[in-house]
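Per-entry structural report
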Amino acid sequence: MSTHLLTAALDAAEQGWHVFPLRPADKRPALHGESVCPLIGDCAGGHRKWEDRATIDPDRIRRAWADRPFNIGIATGPSGLVVVDLDMPKPKSSTGTPAGVTTFEALCERAGQAVPTTYRTRTASGGHHLYFTAPPGARLANSAGRLGKLIDTRAHGGYVVAAGSFTATGPYTVTDPTPPAPLPEWLYALLAPRQPVRTLAAVPSSSKASRYAAAALRAETATVRAAPQGERDWTLLSAARALGRFIAWGDLPRSVVEEALQEAGESAGLSSRQCRSTVRSGLNWSIARNPQRRTA
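Residues numbered from 1 in each chain as written. Predicted model: local features only at pLDDT ≥ 70, side-chain atom pairs only at ≥ 80, totals over all residues. Heavy atoms only, no water.

Details of the overall build of the protein
Within the protein one finds nine helices and 12 strands. Counting across all 296 residues of the protein, residues that qualify as buried make up 44%. Put simply, of all contacts in the protein between residues at least 6 apart along the chain, 74% involve residues at least 24 apart. For the protein, the computed accessible surface area is about 15500 Å², with 52% contributed by carbon and sulfur atoms. (Helix = DSSP H or I, 4+ residues; strand = E, 2+ residues; numbered from the N terminus. Buried < 20%, exposed > 50% of the residue type's maximum accessible area, 1.4 Å probe, protein only. Contact = heavy atoms within 4.5 Å. Areas by Shrake-Rupley, 256 points an atom, 1.4 Å probe, with all protein chains shown as cover.)

A few points about the pattern of salt bridges
For the coordinates displayed, the defined rule picks out five salt bridges. Across the pair arginine 254 and glutamate 258 runs a salt bridge, and its minimum N-O distance is 2.8 Å. In this pair, arginine 254 and glutamate 258 both sit in helix α8 (residues 254-268), four residues apart, roughly one turn of the helix. When its relative accessible area of 25% is taken as the criterion, arginine 254 is described as partly exposed. (Salt bridge = Lys/Arg side-chain N within 4 Å of Asp/Glu carboxyl O.)

Concerning helix α9 (residues 272-289)
Between its first and last C-alpha, α9 extends 26 Å over 18 residues, near the 26 Å set by a 1.5 Å rise per residue. Within α9 the residues assigned to the buried category are Cys275, Thr278, Val279, Gly282, Leu283 and Ser286. Along the long axis of α9, the arc covered by the buried residues comes to 120°, so they all point the same way. Exposed residues lying more than 90 degrees from the buried face of α9 are Arg273 and Ala288. Among the structural elements, α7 (232-248) and α8 are those in contact with the buried residues of α9. (Expected span 1.5 Å × (residues − 1). Arc of directions from axis to C-beta.)

Observations concerning the nonpolar core
Trp17, Val19, Ile61, Trp65, Ile72, Ile74 and Tyr131 are the most contacted members of the largest nonpolar core, which has 21 residues in total. Contributions of two or more residues to this core are made by α1 (2-14), β2 (71-75) and β3 (81-86). Here this core takes seven residues from α1, the largest share from any one element. Residues contacting isoleucine 74, with those up to four places away along its chain left out, are Ala12, Trp17, His18, Val19, Phe20, Ser79, Leu81, Tyr131, Gly158, Tyr159, Val160 and Ala162. Counting 20 residues, the second largest nonpolar core, distinct from the first, contains Ala216, Leu217, Phe246 and Leu261. (Core = buried A, V, L, I, M, F, W, Y, C linked by side-chain atoms within 4.5 Å.)

Remarks on the packing of α8 against α9
With their axes 9 Å apart at the nearest point, α8 and α9 run at an angle of 140° to one another. The orientation of α8 relative to α9 falls into the category oblique. Here the hand of the crossing between α8 and α9 comes out right-handed. Listed contacts from α9 to Arg254, Val257, Glu258, Leu261, Gln262, Gly265 and Glu266 of α8 are Ser272, Cys275, Arg276, Val279, Arg280, Leu283, Asn284 and Ile287. Of the residues in the contact of α8 with α9, the class split is six nonpolar, four polar and five charged. (Axes fitted to C-alpha atoms, helices over the stretch in contact; angles between N-to-C directions. Parallel < 35°, antiparallel > 145°, perpendicular 65-115°, else oblique. Left-handed = near helix turned anticlockwise from the far one by under 90°. Nonpolar A, V, L, I, M, F, W, Y, C, P; charged D, E, K, R; others polar.)

This is the structure:
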């Protein structure tokens, strides 16, 4: 088994993927932690974490896997990878909970995109890892649930268990050997760091744009972006109803609120048409129920 794992680690390194040892039959790093660092060898100049010590050097890999059947971790950041992790529901989850694969397929359908063809592995639990090359110059972080329930991503600061590894629940195997495709632009748009709502710059600095109104706009749009599948449309409607009163009171222009909510809803996975309809309905409902402030 040690020979098999060594071969798998070398194969990964040949593809430019930086590897490091995981505990035998486990998913946790085998390297020491900072609290017990001996400050010798690789750590002579200070503790080096697993991401820093991951390597493509075949000699270092042979030494590391020479004596023990370590599983293989791939440090996604140094490897220039973004891996989409499609997980399986936990055994105690509701029987209606869809697997990450199903949720991802639905996400692609809503975006009008085909499920990407790329390097794919099957995990020990029955989930899938989709490997993509990171956009040049981009520095994406890990995410949990941002694309949908049971969908995580691994990039800078993250790692995945490589094919060839195994745990008590089963092996990690390659199901599509296609070389990793570039991360699709539409997926990158969903994973890129959120920028401040650009339309806030259009809000006048007068008393009509109170700090409370601006803070409410930021909070409501953030809530919409983070809404889980099955609750996104209702969350968007609730946000529109909450913000409509600021339009009625003259604290926020309607165009600013509509654009911010439209962007947030589409980022959450709703269609452009659905967002427009929901936002219009929510704002009209709120404005009709909130009288305008009387001028002094």
